[in-house]
Amino acid sequence: MCIDMKMVTMKKIILLACIALIGFAFSKRNEVVVVDTAGKKVEFRKMEVNSFKKGEVLTYHLRYGFMDAGEAVLEIKDETKTFGSRKALHVVGTGNSKGTFDWFFKVRDRYESYIDEEALFPWLFVRRIKEGGYTDSQDYFFNHYKNKVDVGGGKTFDIPTNTQDMISAFYEARCMDFTNAKYGDIFEASTCFVDNEVYPLKIKYVGKETIKIGIGKFNCLKFRPVIQKGRVFKHEEDLTVWITDDKNHIPVRAEAEILVGSIKMDLVSYSGLANPIAKAN
């Protein structure tokens, strides 16, 4: 077996899962006025959050080709953090290689995001990754008063309003309203800050479908994010994601054709949901 592991890191696998959701930032929102430490009035949005709650845990099984690649878990901790006067959710995501994949390329990744409870953007993003012999640590401090992010080492970057990290994008995505979505509709996505770059994305709605996975059958909405060619995907629409057709909007399956093979991500367990899930008979 000959695989270029630089092209198949767990970071990219998890990024695929997040990219599958980043574009769904079309929720109902109102504006709320806050005041920063300099006394300057800044308008932050106020999102309508009814798709998830503290204590929710989602677990996914990842396959690379015919191999078990690993497991990804997303958990909203049952606690509240504060950043200044702002309350924040604490979300932890882990990615671990499994089976044969673990034997020749061990992965132990941990991601954390502290997400504003009202505006649903991040104040702090933490990434600790161990992939084969490669390790990396990142701490991104988001300043949404000034639209900047501090990545450490004296480096800061300008970011658009409401810019997300890889984890916070997942949860912003789930607060969307697809009531008026029509087949073929393409929507502009929220931006996401990853590896010192801002990624603007688009998504295409391609209808409804009932799919069967290991834990049952689910009524789903189907999307194909339109991604920049040449980075991970062979073609613009080589990623498809199915999310539950209910208020939870949980990804049930994501499939991707990448430059060196294919990846599939399936939901294997869930708990602490805010709403009933759309299981099919």
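Each remark here, short or long, concerns the structure printed above.
Here is what the cut-offs are and how they apply
Residues numbered from 1 in each chain as written. Predicted model: local features only at pLDDT ≥ 70, side-chain atom pairs only at ≥ 80, totals over all residues. Heavy atoms only, no water. Salt bridge = Lys/Arg side-chain N within 4 Å of Asp/Glu carboxyl O. Buried < 20%, exposed > 50% of the residue type's maximum accessible area, 1.4 Å probe, protein only. Helix = DSSP H or I, 4+ residues; strand = E, 2+ residues; numbered from the N terminus. Core = buried A, V, L, I, M, F, W, Y, C linked by side-chain atoms within 4.5 Å. Contact = heavy atoms within 4.5 Å. Pairing = 2+ DSSP bridges. Phe/Tyr/Trp six-rings, centres within 6.5 Å; stacked < 30°, edge-to-face > 60°.

Student: How would you sum up the pattern of salt bridges? Please name residues and give values.
Tutor: Across all of its chains, the model carries 17 salt bridges by this definition. The partner of Glu75 in a salt bridge is Lys77, with the nearest N and O atoms 3.4 Å apart. A relative accessible area of 28% places Glu75 in the partly exposed class. Here Lys77 falls in the partly exposed class, since its relative accessible area comes to 26%. With its nearest N and O atoms 3.2 Å apart, the salt bridge here joins Lys222 to Glu209. Taken together, the residues span a long stretch of sequence, with Lys222 in strand β16 (residues 216-226) and Glu209 in strand β15 (residues 202-213) at a distance of 13 residues. For Glu209, a relative accessible area of 30% gives the class partly exposed. Residues participating in the shared-partner salt-bridge network are Arg86, Asp116 and Glu118.

Student: Go over the nonpolar core, please, and point to the residues and values.
Tutor: Ranked by internal contacts, the top residues of the largest apolar core, which has 57 residues, are Tyr60, Tyr171 and Phe223. No other element matches the 5 residues that strand β4 (residues 67-76) contributes to this core. Sequence-distant contacts of Tyr60, that is, excluding residues within four places in its chain, are made with Gly70, Glu71, Ala72, Phe170, Ile250, Pro251, Met265, Asp266, Leu267 and Val268. By size, the runner-up hydrophobic cluster in this structure holds 5 residues, among which are Val42, Phe44, Ala119 and Phe121.

Student: Can you tell me about the pairing of strand β10 (residues 148-152), naming the residues and giving the values?
Tutor: In summary, the side chains of a regular strand alternate between the two faces of the sheet. As paired elements, strand β9 (residues 134-143) and β10 share 3 bridges and run antiparallel to each other. When the bridges of β10 are listed, Asn143 appears paired with Lys148. In this antiparallel pair of consecutive strands, β9 and β10, the connection spans 4 residues, and Asn147 shows a positive phi of 55°. In the sheet, β10 pairs with strand β11 (residues 155-158) via 4 bridges, with the strands oriented antiparallel. In the strand pairing of β11, Lys148 is matched with Asp158.

Student: Requested: an account of the packing of aromatic side chains, with residues and values cited.
Tutor: Under the defined criterion, the tally for this structure stands at 17 aromatic pairs. Pairing Tyr205 with Phe223 gives two aromatic rings, centres 5.3 Å apart and planes at 55°, and the pair type is tilted. Within this pair, whereas Tyr205 is found in strand β15, its partner Phe223 is found in strand β16, the two being separated by 18 residues in sequence. Among the residues examined, Tyr205 registers a relative accessible area of 7% and is labelled buried. A residue is classified by how much of its surface remains accessible, and Phe223, at 0% relative accessible area, is buried.

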